[in-house]
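Summary of structural features
One letter stands for each residue in the lines below.
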Amino acid sequence: MKTPLLFIGQKMSKSTHQWLFDQEISYTEADMLTSAEKLDTEDFDAFLFFSPAGIESFRTAGNFPPPVSLIMANENSTAQAAWRYFTNKVILLAESDELSFVQYSIASWMKETKK
């Protein structure tokens, strides 16, 4: 199984960090609400956003996901912001628990990319 390289647009809990470590999944974590920096986004397979404000901060910093990367949004308002700003495929995952959202995002990425 190929594991995705994820961009996660918020600081995560210790349990989510531990789960990602146990699964050997690579990720970059950035609290986009406090860190508006330009990133090299070309290598990411998927972008996980937890809020419309995170998407806005990501964009304001001059960041855009490559067209082939999936966007995972954890609520309808986040998905609406993603559809408004990005041309990528956006997957809405109605999962408010952080770890579950990350796990469902990875499962969805695997399904979408047949990994």
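That block above? That's the structure.
Okay, so let's go over this structure. (Residues numbered from 1 in each chain as written. Predicted model: local features only at pLDDT ≥ 70, side-chain atom pairs only at ≥ 80, totals over all residues. Heavy atoms only, no water.)

1. Quick word on the packing of helix α1 (residues 14–23) against helix α4 (residues 98–113)
Here is the rule we go by: In this analysis an axis means a line fitted to C-alpha atoms, helices contributing only their contacting stretch, and an angle means the value between N-to-C directions, from 0 to 180 degrees. A helix here means a DSSP run of H or I that spans at least four residues, while a strand means a run of E at least two residues long, and both kinds are numbered starting from the N terminus. Working definition: roughly parallel below 35 degrees, roughly antiparallel above 145 degrees, roughly perpendicular at 65 to 115 degrees, and oblique for all remaining angles. By definition, turning the near helix anticlockwise from the far helix through less than a right angle yields a left-handed crossing, and turning it clockwise yields a right-handed one. By definition, residues are in contact when any of their heavy atoms lie within 4.5 Å. All residues other than Ala, Val, Leu, Ile, Met, Phe, Trp, Tyr, Cys, Pro, Asp, Glu, Lys and Arg, Gly among them, are scored as polar; the first ten of these are nonpolar and the last four charged.
The geometry of α1 relative to α4 is characterised by a closest axis approach of 9 Å and an angle of 30° between their N-to-C directions. What the angle tells us is that α1 and α4 run roughly parallel. Crossing geometry of α1 relative to α4 is assigned as right-handed. Contacts between α1 and α4 pair Ser15, Thr16, Trp19 and Leu20 from the former with Glu98, Leu99, Val102, Gln103 and Ile106 from the latter. Here the contact of α1 with α4 is composed, by residue class, of five nonpolar, three polar and one charged.

2. Examining the pairing of strand β2 (residues 26–29)
In the case of a regular strand, side chains alternate between the two sheet surfaces. Rule in force here: Paired strands, in this sense, are two strands between which DSSP finds at least two bridges. Seen with its strands pointing away from the viewer, a crossover is right-handed if its path from the first strand over the helix to the second goes clockwise.
Note that strand β1 (residues 5–8) and β2 share four bridges and pair parallel. Bridging from a neighbouring strand, Ile8 pairs with Glu29 of β2. In the classification by handedness, the crossover that spans β1, the intervening α1 and the parallel β2 is right-handed.

3. Describing α4
Here is the rule we go by: Helices are assigned an expected span. That span is 1.5 Å times one less than the residue count. Note on exposure labels: buried denotes an accessible area under 20% of the residue type's maximum, exposed denotes more than 50%, and partly exposed covers the range between, all computed with a 1.4 Å probe on protein chains only.
The terminal C-alpha atoms of α4 lie 22 Å apart, and with 16 residues this matches the ideal 22 Å at 1.5 Å per residue to within 8%. Those residues of α4 not exposed but buried are Glu98, Ser100, Phe101, Val102, Ser105, Ile106, Ser108 and Trp109. Looking at the buried side of α4, the elements it contacts are β1, α1, β3 (46–49), β4 (70–73) and β5 (90–92). Backbone geometry just downstream of α4 places Lys114 in the positive-phi region, at approximately 55°.

4. Overview of the packing of aromatic side chains
The line we're drawing: Here the aromatic set is Phe, Tyr and Trp, taking the six-membered ring for Trp, and pairing holds for ring centres within 6.5 Å; pairs whose planes are under 30 degrees apart are stacked, those over 60 apart are edge-to-face, and all others are tilted. Cation placement over rings: the criterion is NZ of Lys or CZ of Arg within 6 Å of the ring centroid and within 35° of the ring normal.
Counted by the stated rule, this structure contains 11 aromatic pairs. With 5.3 Å between their ring centres and 50° between their planes, Phe7 and Phe58 make a pair best called tilted. Here Phe7, found in strand β1, pairs with Phe58, found in helix α2 (residues 52–60); they are 51 residues apart in sequence, far enough to count as distant. Under the relative-accessibility criterion, Phe7 is labelled buried at 0%. A cation over a ring is seen here: Arg59 above Tyr85, with NZ or CZ 3.8 Å from the ring centre. Just above the ring of Tyr85 sits the side chain of Arg84; from NZ or CZ to the centre is 5.4 Å.

5. Focus on the nonpolar core
What tends to happen in soluble globular proteins is that the nonpolar side chains get buried as a cluster. Short version of the rule: Only buried residues count toward a nonpolar core, which is a set of Ala, Val, Leu, Ile, Met, Phe, Trp, Tyr and Cys residues joined through side-chain atoms within 4.5 Å.
Leu6, Ile8, Leu20, Leu48, Met72 and Val102 are the most contacted members of the largest nonpolar core, which totals 16 residues. Breaking this core down by element, the ones donating at least two residues are β1, β3, β4 and α4. Sorting elements by how many residues they give to this core places α4 first, with four residues. Ignoring anything within four residues of it in the chain, the contact list for Met72 reads Phe47, Leu48, Phe49, Ile91, Leu93, Phe101, Ser105, Ser108 and Trp109.

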